[in-house]
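The primary structure of each chain is shown beneath.
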There are 2 protein chains.
Amino acid sequence: MSKPSPALVDALFRLSFVLQGHLVRLAAAHDLSLVQLRLLGILRDREPGMLELARHLELEKSSSSGLIDRAEARGLVERVPSKEDRRAATVRMTARGRKLARALEDEVSRELGALLAVLSEPERVKLTALVERVVERAKPPA
Amino acid sequence: MSKPSPALVDALFRLSFVLQGHLVRLAAAHDLSLVQLRLLGILRDREPGMLELARHLELEKSSSSGLIDRAEARGLVERVPSKEDRRAATVRMTARGRKLARALEDEVSRELGALLAVLSEPERVKLTALVERVVERAKPPA
DNA sequence: TATTGTTATACTCTATAACTATA
DNA sequence: TATAGTTATAGAGTATAACAATA
């Protein structure tokens, strides 16, 4: 139960603010909020219902309802009525949303690449392994 | 200009979301937003004017004005009129704000400690060095 | 009765633009 | 004129509570 060094705590939080800052600025350049960016990321390989989506985003269902209203109005996602359960609907990315998601992914990777250029390839490999072990431990509480 | 591996990009962003998630939940437990948490962090060792504060938080001056309104109403900070310039005021943490900031700092360090317990001490040292070099490169655009 | 989702309402947070007071 | 800060206004994003439709 030894506490981590202040230097490590500091470095990690600074890193997290730097990364989130990149995401916020990139998203804003496309007139998207960070949550909308996360939404696109989630929908890349899923077609969740409202409740499932709310759980992924850690939002109330009413909040995701509004979020989807706005994203749908912009043509990024669409509601697909369920066949089996007439109360339910799933949320699916449109072609336009998918195109935007891919563009953002490229930009993110490019910016992060510039940041990581300061490390050698073996160092990157080492960093990847260390970070993966930490986030693995933080795995979804679900 | 080689792009970073998808695994590294992924791991770093997952880490940043995990860390920010911790901050958001801890702040919320004290009925604070993430920005208010950052405000307390900034005021630990500064007594900035409104414009300087807005720059630190990457906000418009009108936005920090409202932010300080709400924080002041909760007794966490106070506006101190400047002696030299009668238009200006600085923002200072109150004793109550300082107490809350310290409590949050402890909680953050404790939670992160649990997460980092998965690494050995030499690994933590290595991680600290690598992350510091990356964030150093991201240094303030100012 | 329970579940899926929406709507009504209220508050925080943010930006833009206009404003006040001082420099 | 320029600068420090506030105010007015509008919109996104959030939660709580009440609601409708279906299970």
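Up top you'll find the structure we're talking about.
Residues numbered from 1 in each chain as written. Chains lettered and ligands numbered in written order. Predicted model: local features only at pLDDT ≥ 70, side-chain atom pairs only at ≥ 80, totals over all residues. Heavy atoms only, no water.

The next subject is the overall build of chain A. Secondary structure summary: chain A contains six helices and two strands in total. Along its sequence from the N terminus, chain A presents helices and strands in the succession α-α-α-α-β-β-α-α. For chain A, whose C-alpha radius of gyration is 18 Å, the value lies well above the compact-globule estimate of 14 Å for 142 residues. In chain A, 48% of the contacts between residues at least 6 apart in sequence involve partners at least 24 apart. Carbon and sulfur atoms make up 54% of the accessible area of chain A, which totals about 8,100 Å². (Helix = DSSP H or I, 4+ residues; strand = E, 2+ residues; numbered from the N terminus. Rg over C-alpha atoms; globule rule 2.2 N^0.38 Å. Contact = heavy atoms within 4.5 Å. Areas by Shrake-Rupley, 256 points an atom, 1.4 Å probe, with all protein chains shown as cover.)

Under the fitted operation, chain B is carried onto chain A by 0.0 Å of movement along the axis and a turn of 180°, and the coordinates agree to an RMSD of 0.0 Å. Such a combination of rotation and displacement between the chain copies is what one expects of a two-fold axis. When C-alpha positions in chain B are compared against the rotation axis, the closest is assigned to Ser16 of chain B, at 2.1 Å. In this assembly, 100% of the residues forming the interface of chain B have copies in chain A that are likewise at the interface, indicating an isologous arrangement. (Least-squares fit on C-alpha atoms with pLDDT ≥ 70 in both.)

Let us look at the side chain of Ser109 of chain B. For Ser109 of chain B, the position within the fold is in helix α5 (residues 95-116). Judged by relative accessible area, which is 12%, Ser109 of chain B ranks as buried. Beyond its immediate stretch of four places on either side in the chain, Ser109 of chain B contacts Lys3 and Pro4 of chain A. (Buried < 20%, exposed > 50% of the residue type's maximum accessible area, 1.4 Å probe, protein only.)

Here we come to the protein's contact with DNA strand D. Taken together, 22 residues lie around DNA strand D, and Ser33 and Ser63 of chain A together with Ser65, Arg87 and Ala89 of chain B are the ones closest in. Sugar plus phosphate: this is where 68% of the atoms of DNA strand D within 4 Å of the protein reside. One of the side-chain N or O atoms of Arg79 of chain B is found 2.7 Å from a phosphate oxygen in DNA strand D. Among the elements of the structure, α2 (34-43) and α4 (61-73) of chain A together with α3 (50-57) and α4 (61-73) of chain B are those that each provide at least two residues to the surface near DNA strand D. Residues that form the surface near DNA strand D fall into these classes: six nonpolar, seven polar and nine charged. (Near = heavy atom within 4 Å. Polar contact = N/O pair within 3.5 Å; in protein donor to acceptor, adjacent residues only side chain to side chain. Nonpolar A, V, L, I, M, F, W, Y, C, P; charged D, E, K, R; others polar.)

Let's shift gears to the side chain of Gln36 of chain A. Residues and elements named next belong to chain A. Within the secondary structure, Gln36 is located in helix α2. Using a relative accessible area of 12% as the deciding quantity, one classes Gln36 as buried. Apart from the residues within four sequence positions on either side, Gln36 is in contact with Asp31, Leu67, Arg70 and Arg74.

Another point: the protein's contact with DNA strand C. Looking at DNA strand C, there are 21 residues lining it, with Ser65 and Arg87 of chain A together with Ser33, Ser63 and Arg70 of chain B nearest. Atoms of DNA strand C within 4 Å of the protein: sugar and phosphate make up 66%, bases the balance. One of the side-chain nitrogen or oxygen atoms of Ser33 of chain B is found 2.5 Å away from a phosphate oxygen of DNA strand C. Contributing elements (two or more residues each) for the surface near DNA strand C: α3 (50-57) and α4 of chain A together with α2 (34-43) and α4 of chain B. Grouping the amino acids of the surface near DNA strand C by side-chain chemistry returns six nonpolar, six polar and nine charged.

So, about the pattern of salt bridges. A complete count under the given rule lists 20 salt bridges over all chains for this structure. As a salt-bridge pair, Arg133 of chain A and Glu123 of chain B come within 2.8 Å of each other at their nearest N and O atoms. Of this pair, Arg133 of chain A sits in helix α6 (residues 121-137) while Glu123 of chain B sits in helix α6 (residues 121-137), on two different chains. Classification of Arg133 of chain A as partly exposed rests on a relative accessible area of 34%. With relative accessibility at 18%, the residue Glu123 of chain B sits in the buried group. Linking Arg46 of chain B and Asp45 of chain B is a salt bridge whose minimum nitrogen-to-oxygen distance equals 3.3 Å. By relative accessible area, which is 34% here, Arg46 of chain B ends up partly exposed. For Asp45 of chain B, a relative accessible area of 59% corresponds to the exposed category. (Salt bridge = Lys/Arg side-chain N within 4 Å of Asp/Glu carboxyl O.)

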